[in-house]
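Listed below are the residues making up each chain.
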Amino acid sequence: MNFIFGIILLAMFILALRVLWATALQLLSALQHAAQTFHRYRVQRLARNRLPVVMPQIRHEVDWLAMSDSVRQEIQTRNHAVNREEVRLEAQLQAKLKTIEIYEADIQIAKLERELLKIKPVIDSPEPEVKKTRRSKKQSVAVTETTTQNTKHPVSQLRAALKGNDLSTPVSESVRH
């Protein structure tokens, strides 16, 4: 019975050694692969820094002048877009500065007007003289005819009727509405 247990223990020990050996080999191969990858990456990086840039060959002829002109025009367009923004901001600044100057001028005008009112009292200008209008002969004749007649004005008749007495105002008195 001891012999059977010994064989079983020996088989288990051999199996454990094989598992440990396989695991160690897999770990060793993974480390070697990682080291190779790192070394390859390092070599590529160093080679990239050392080697000059090689342009791929173009099969057809290239008009380098036209290409340089288009690149130059694109650069100028981009710069002009930035410059337009600068011009717009400059115009806004100038407008705001002019507005400030206008406000300052208005303040100065108000101060001067106040000083002028302190120094010079307000003089009421006399009302312009009302010139007598000349009437044509036809109008003067009509006025004299109405004054000679004793017909009452309709408004004065209405006032008299409302007052209730027959006393009327003289015709020469003007009726105002």
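1. As for the overall build of the protein
In terms of helices and strands, the protein carries four helices and zero strands. Order of helices (α) and strands (β) in the protein, N terminus to C terminus: α-α-α-α. When the accessible surface of the protein is summed, it comes to about 18200 Å², and 62% of that surface belongs to carbon and sulfur atoms.

2. What about the confidence of the model for the protein?
Mean pLDDT for the protein: 78, with 71% of residues reaching 70 or above. Taking the mean pLDDT of every element in the protein, the minimum, 54, falls on helix H3 (residues 137–148) and the maximum, 92, on helix H1 (residues 2–50).

3. Re the pattern of salt bridges
Under the criterion given, the structure shown has four salt bridges. With a closest N to O distance of 2.8 Å, Asp69 and Arg72 form a salt bridge. Of the two residues, Asp69 and Arg72 are both situated in helix H2 (residues 64–119); the distance of three residues between them amounts to about one turn of the helix. Arg72 gets classed as partly exposed once you look at its relative accessible area, which sits at 45%. With its nearest N and O atoms 2.5 Å apart, the salt bridge here joins Glu85 to Arg88. Pair noted here: Glu85 and Arg88 are both in helix H2, with a separation of three residues, about one helical turn. With a relative accessible area of 37%, Glu85 lands in the partly exposed category.

4. Some thoughts on the environment of Thr37
Take Thr37: it is sitting in helix H1. On the accessibility criterion, Thr37 (34% relative accessible area) is partly exposed. Here the side chain of Thr37 touches His33 through a polar contact of 2.9 Å, landing on its backbone oxygen.

Conventions used here
Residues numbered from 1 in each chain as written. Predicted model: local features only at pLDDT ≥ 70, side-chain atom pairs only at ≥ 80, totals over all residues. Heavy atoms only, no water. Helix = DSSP H or I, 4+ residues; strand = E, 2+ residues; numbered from the N terminus. Areas by Shrake-Rupley, 256 points an atom, 1.4 Å probe, with all protein chains shown as cover. pLDDT = per-residue confidence, 0-100. Salt bridge = Lys/Arg side-chain N within 4 Å of Asp/Glu carboxyl O. Buried < 20%, exposed > 50% of the residue type's maximum accessible area, 1.4 Å probe, protein only. Polar contact = N/O pair within 3.5 Å; in protein donor to acceptor, adjacent residues only side chain to side chain.

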